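# Fold and contact review
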Amino acid sequence: MATNTVGLFDAPATALAAAGELKGAGFDATSIISPIPLHGAEKVLGEKKSAIKRFTFFGGLFGMLFGFSLAAGTAVLYLHPTGGRPIITLPPFLIITYEMTILCGILATVIGFLVSARFPAMRERVYVPEAAVDKFVVSVLCSDDEHDRRAEEILRSAGAEEIRRLREED
Amino acid sequence: MQAERDISYADVNRDVVRSLVETGSKYYITLAISVSVMLACFFAPWFYQLQYGIGAAGMNHPTVWGTYLASFIFWIGLSHSGTLLSCVLHITNSSWRKAMYRSAEAMTLFSLMVAVTMVMVHLGRPWFIHWAVPYPNQMELWPNFRSPLMFDVMAITTYLTGSTIFIYMGTIPDFAAVRDRTTGWRHHMYVLLSLGWRGTDTEWHRLGWAYTFLAVLIIPLAVSVHSIVSWDFALSIVPALHQTIFAPYFVVGAIYSGTAGIVTVMFVLRKYMNFEHYITKLHFDNLGKLLLVLSLIWTYINVLEIFTGWYSGTSTEYEAIRYKLFGYYAPLYWEMILFCAVAPLLMISKRFRTSFVPMLILSIAINIGMYTERFLIVATSLSRQYLPDAWGIYVPSLVEISIMVGSLAMFVTLFLIFVKIFPSISIYEIKETLPEPEPKTQSESGAPEWQPTL
Amino acid sequence: MSFINDFLASWREYRRPGYYEKFDYAWTMSIDLDRCTGCEACVTACQAENNLPIVGEDEFAKGREMQWIRIERYWEGEYPNVKLGFIPMLCQHCDAAPCETVCPVSATYHNQDGLNAQIYNRCIGTRSCAVYCPYEVRYFNYNNHHWDAPLDEQLNPDVSVREKGVMEKCTFCIQRIRQAKDQAKDDGRRRVRDGEVQPACVQTCPAEALVFGDRNDAESQVSQSMNHPRAYHVLEELNTDPSVVYLKKVGSNAG
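Residues numbered from 1 in each chain as written. Chains lettered and ligands numbered in written order. Predicted model: local features only at pLDDT ≥ 70, side-chain atom pairs only at ≥ 80, totals over all residues.

The next thing to look at is the overall build of chain C. Secondary structure summary: chain C contains 8 helices and 10 strands in total. Taking 2.2 N^0.38 as the reference for a compact globule, 255 residues should give roughly 18 Å; the C-alpha atoms of chain C span a radius of gyration of 20 Å, in line with that estimate. Projected onto its principal axes, the C-alpha positions of chain C cover 75 × 45 × 40 Å. A total of 255 residues make up chain C; the buried ones form 42% of that total. For chain C, contacts bridging at least 24 residues in sequence account for 62% of all contacts bridging at least 6. (Helix = DSSP H or I, 4+ residues; strand = E, 2+ residues; numbered from the N terminus. Rg over C-alpha atoms; globule rule 2.2 N^0.38 Å. Buried ≥ 20, exposed ≤ 12 C-beta atoms within 10 Å, placed from the backbone. Contact = placed C-beta atoms within 7 Å.)

As structure tokens, then:
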């Protein structure tokens, strides 16, 4: 049964250092739980890539096509000639296209965010409530007791003020 | 930016949770008053108007648009600073944004909601408003996408969706922080709202990107929304409305009144929610500078409007300008100039910008002036159109004035509900502005009062 | 490749300004201001024909009278050298009507007869069409109107009574046009003859200042008045392309 060893730190700097050491010792499943976004986290834990930008781009692209076909298509479905304008009137329809591009872009970004950050959480995950206040937590997934001990050692020597073992349901 | 006094991370959590959980009698009294004003001054006259027809308002033959539309533009305008300003400041990494952006965005959201309600009040047959929504229906009829009013429908829907998502996404970490400190129904609500946020590096990374993308999408959207509102007027051929300057004019006016609205809301939050340590003179100073610049741009466009009207040489444009400056509504015009162009010049002085009460008074004056501006755009232009035989004067009826007051009460009510559900200043972003905790020190006040649940 | 050609053909069709290649009938009215005496018989006739409500004193004082056609009066000069001019003003049925594009629900559109049609059932009462109309000839129902007995018995059954919150305007008596077209079809003829259909205002004009007809028919009376040297459109500079032609007043009493 895999457990998570977590160490609570007072300051972001020590937490980052600890995470770096764990990473160096071969613990790949290391993460930092913090009350604020830590800008050094990527340096320590490796570059992250998110699919959100792809969601935004394709959402916007879909919105653009959808917006124009909504305006032009509905105008063709039921003809209402107005004001001496053509049925497919480009300038106004481009405004509709513009708005729908943004709307779909926004919605796709939200979906991208939920998917890539795995929200909403349907089961309990490793969490330390103090991390929402002022503690910086390094969490590391360990496959057996041996790893647990090693991780704990590294965390303690890096200055963790408290160590907990948490189990995550898979 | 540094807060005036040393605030620890735990203090931030405590102060914000306190603002949500501890509710004094003053709050309930204010809420009761605003709800009853809303019911008495907004809904009661509106139901009367639904029964009787739009005739309950003072509109007449040449001036078929009135204060309802002016209120609509006003509320849309007020919505323009919150999310737009917040996005611009987010992208440009201005840290002074962080203490105020949440309530500014809430202002966006609620003024948009009130604006949508004003559209319903404005319509002759609001029970058919769904016909302006493109949905497949049995009649196989679709809305007319060539209409500037349809642009409005699309733009405002997008804007409302966008700002709701933007404010919600920025609050998820705070919901999580508040979730851990609350009990009972509040706890359950925040469990759902926080979506299971933990604060891992991956989650922060994703949130950062999504938030930035949203900000980038919302800035052009917000600019387009008020441009589109201005096209309701500018795409007509009514003299004094048919002007190319209208889109930038409306956008500037919207940001102007919105920023003034933020000053008002900041003052109230600071005073009554005890956020003195978070909302400081610095914020008022910066907002004051912004207001000053906006007021100058606004004044410039106003002068330009008169100039182009005069320069065009056409009798209709000339008459429209003359009527605006010296006609029946002239006192309102000069009041607007006083409140929106002359009085804001006081903000040149730093002492004025950093004193709270004068800034509050000025911000309210600016918004009164901006409401007048919207009223004048509708009333003066429509009552002086091409055919002199169809000229007329429009005076708002009691029902209209009552609904105007009631819509303000509706905004206040929504805001009062908001401050008890949303952390009205951002916990995690305030923390980012605080000095980082030093290693190896004991935290004094942040001792955990809860038991870990895992 | 045929579907591309089809697509291009329909694209061209839908991109044609005004959509119609040619109106079936292009109904036009000409108003000879030299003949008009300003007697307002047309106003009354319209009132009777189209179920226009009498709004009452209070509403009239607020400026909410309903007159699909009205006589506008203009004075020129100072007393005693004052000149009175008047001009009947009604919906101009513009071919490039600003009111049509602004309606969000397509409650007003241009039909194949070149008429600016108003669909009361579809109207949601944004009143933007009345703002966009430079001629100020769109009238809004600010409340429900009622006809005291026995006046309700004289309502025209061919014309609907409009409810509150709905915009209305001159239709060129579309019910009469419809009837004439039906009659023409029943008779086995293809076209409505010139003079066969007359709106109530035209029918009642004692001075015969108003003439109604089809400008597609080069022989019709309106086509001839359209080519008259005195012919002009009101607010022509706005490019609304109106279907109502005015013949200018000339001579010593021109106002």
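On to the overall build of chain A, then. Looking only at helices and strands, chain A features 5 helices and 4 strands. The order of helices and strands in chain A, counted from the N terminus, is β-α-β-α-α-α-β-α-β. Projected onto the principal axes, the alpha-carbon positions of chain A cover approximately 80 × 30 × 30 Å. Expressed as a percentage of contacts within chain A between residues at least 6 apart in sequence, the contacts between residues at least 24 apart total 80%.

Let us now look at the pairing of strand β1 (residues 27-32) of chain C. A regular strand places its side chains on the two faces of the sheet in alternate fashion. Residues and elements named next belong to chain C. Within β1, 6 of the 6 residues are buried, which leaves the element mostly enclosed by the surrounding structure. Where burial is concerned, the two faces of β1 agree: the one with Trp27, Met29 and Ile31 and the one with Thr28, Ser30 and Asp32 are both buried. Where β1 meets strand β8 (residues 210-214), 5 bridges bridge the pair, whose relative direction is antiparallel. Bridge pairing in β8 places Met29 opposite Phe212. (Pairing = 2+ DSSP bridges.)

We now examine unusual backbone geometry. A negative phi holds for most residues other than glycine; trans holds for most peptide bonds. The omega torsion of the bond from Tyr79 of chain C to Pro80 of chain C falls at 5°, within 30 degrees of zero and hence cis. By the secondary structure assignment, Pro80 of chain C is in the loop between β2 (69-76) and β3 (83-90).

This part is about helix α7 (residues 201-234) of chain B. Helix length check: α7 of chain B (34 residues) gives 49 Å between terminal C-alpha atoms against 50 Å at 1.5 Å per residue, within 8%. The buried count for α7 of chain B comes to 26 of 34 residues, which makes it a mostly enclosed element. (Expected span 1.5 Å × (residues − 1).)

On to the sheet that holds β8 of chain C. If you trace the 4 strands from one edge of the open sheet to the other, you get β8-β1-β10-β9 (chain C), paired in mixed fashion. Edge positions in the sheet fall to β8 and β9 (231-232) of chain C, since each has one partner strand and no second.

Residue and element names in this part refer to chain C. Predicted confidence across chain C gives a mean pLDDT of 91, with 98% of residues reaching 70 or more. Across chain C, helix α7 (residues 200-204) holds the top mean pLDDT of 95, while β3 sits lowest at 89. Both scores are given for the predicted complex: the pTM is 0.91, the ipTM 0.91. (pLDDT = per-residue confidence, 0-100.)

Taken together, the contact between chain B and chain A spans 58 residues of the former and 62 residues of the latter. Considering every element that reaches the side of chain B that touches chain A, the biggest residue donor is α7 of chain B, with 16 residues. Looking at the side of chain B that touches chain A, its residues break down into 30 nonpolar, 16 polar and 12 charged. (Nonpolar A, V, L, I, M, F, W, Y, C, P; charged D, E, K, R; others polar.)

All names here are of chain B. In the contact formed by helix α3 (residues 67-91) and α7, the axes pass within 9 Å of each other and the chain directions differ by 155°. The orientation of α3 relative to α7 falls into the category roughly antiparallel. Pair α3 / α7 crosses with left-handed handedness. Contacts from Ile73, Ile76, Gly77, His80, Thr83, Leu84, Cys87, Val88, His90 and Ile91 in α3 reach Ala215, Val216, Ile218, Ile219, Ala222, Val225, His226 and Val229 in α7. (Axes fitted to C-alpha atoms, helices over the stretch in contact; angles between N-to-C directions. Parallel < 35°, antiparallel > 145°, perpendicular 65-115°, else oblique. Left-handed = near helix turned anticlockwise from the far one by under 90°.)

Take the interface of chain C and chain B next. Contacts between the two partners involve 35 residues from chain C, matched on the other side by 35 residues from chain B. Every element with two or more residues in the side of chain C that touches chain B is listed here: β2, α4 (98-102) and α5 (128-132) of chain C. Among the elements that make up the side of chain C that touches chain B, the one with the highest residue count is α5 of chain C (4 residues). In terms of residue class, the side of chain C that touches chain B is made up of 18 nonpolar, 10 polar and 7 charged.

Let us look at the nonpolar core. Within the largest apolar cluster, 242 residues are counted, with the highest numbers of intra-cluster contacts made by Val138 of chain A together with Leu210 of chain C. The element that contributes the greatest number of residues to this core is α7 of chain B, accounting for 17 residues. Every residue in contact with Leu210 of chain C, bar those within four places of it in the chain, is listed here: Met29, Ile31, Cys42, Cys201, Val202 and Cys205 of chain C. (Core = buried A, V, L, I, M, F, W, Y, C linked by C-beta atoms within 7 Å.)

All names here are of chain B. Here α3 crosses helix α4 (residues 101-122) at 160°, and the two axes come no closer than 7 Å. The angle between α3 and α4 falls in the class roughly antiparallel. The way α3 lies across α4 gives a crossing that is left-handed. The residue inventory of the contact of α3 with α4, partitioned by class, reads 16 nonpolar, 9 polar and 1 charged.

Moving on to the environment of Thr14 of chain A. Its location among the elements puts Thr14 of chain A in helix α1 (residues 12-24). A count of 21 C-beta atoms within 10 Å places Thr14 of chain A in the buried class.

This part covers the domain arrangement of chain A. Each assigned domain of chain A is listed here: domain 1 (3-48 + 125-167) and domain 2 (52-116). Between domain 1 of chain A and domain 2 of chain A, the C-alpha centre-to-centre distance is 45 Å. (Domains from an automatic or database assignment.)

Neighbouring strands of a sheet are bound in pairs by backbone hydrogen bonds; such pairs are parallel or else antiparallel. Residue and element names in this part refer to chain A. If you walk across this open sheet you meet the 4 strands as β2-β3-β1-β4, and the pairing is antiparallel. Where the open sheet ends on each side, the last strands, each with one partner, are β2 (30-33) and β4 (162-167). Averaged over all pairs of adjacent strands, the angle between strand axes in this sheet comes to 25°, irrespective of strand direction. Sheet contacts for helix α5 (residues 145-158): β1 (3-9), β3 (136-142) and β4; angle to β1, the most-contacted strand, approximately 5°.

All names here are of chain B. In this structure, Trp197 sits in the loop between α6 (184-194) and α7. Judged by the 25 C-beta atoms lying within 10 Å of it, Trp197 is buried. Each C-alpha atom, one on Trp197 and one on Phe175, is 8.3 Å from the other, the two residues being 22 residues apart in sequence. Every residue in contact with Trp197, bar those within four places of it in the chain, is listed here: Ile172, Pro173, Phe175, Ala176 and Glu203.

This part takes up helix α5 (residues 148-179) of chain B. With 32 residues, α5 of chain B should reach 46 Å at 1.5 Å per residue; the first-to-last C-alpha distance of 44 Å fits that figure. Approximately 45° is the largest bend angle found in α5 of chain B, and it occurs at Ile172 of chain B, with the proline Pro173 of chain B only one to four residues beyond. (Bend = angle between axes of the 7 residues up to and from the residue.)

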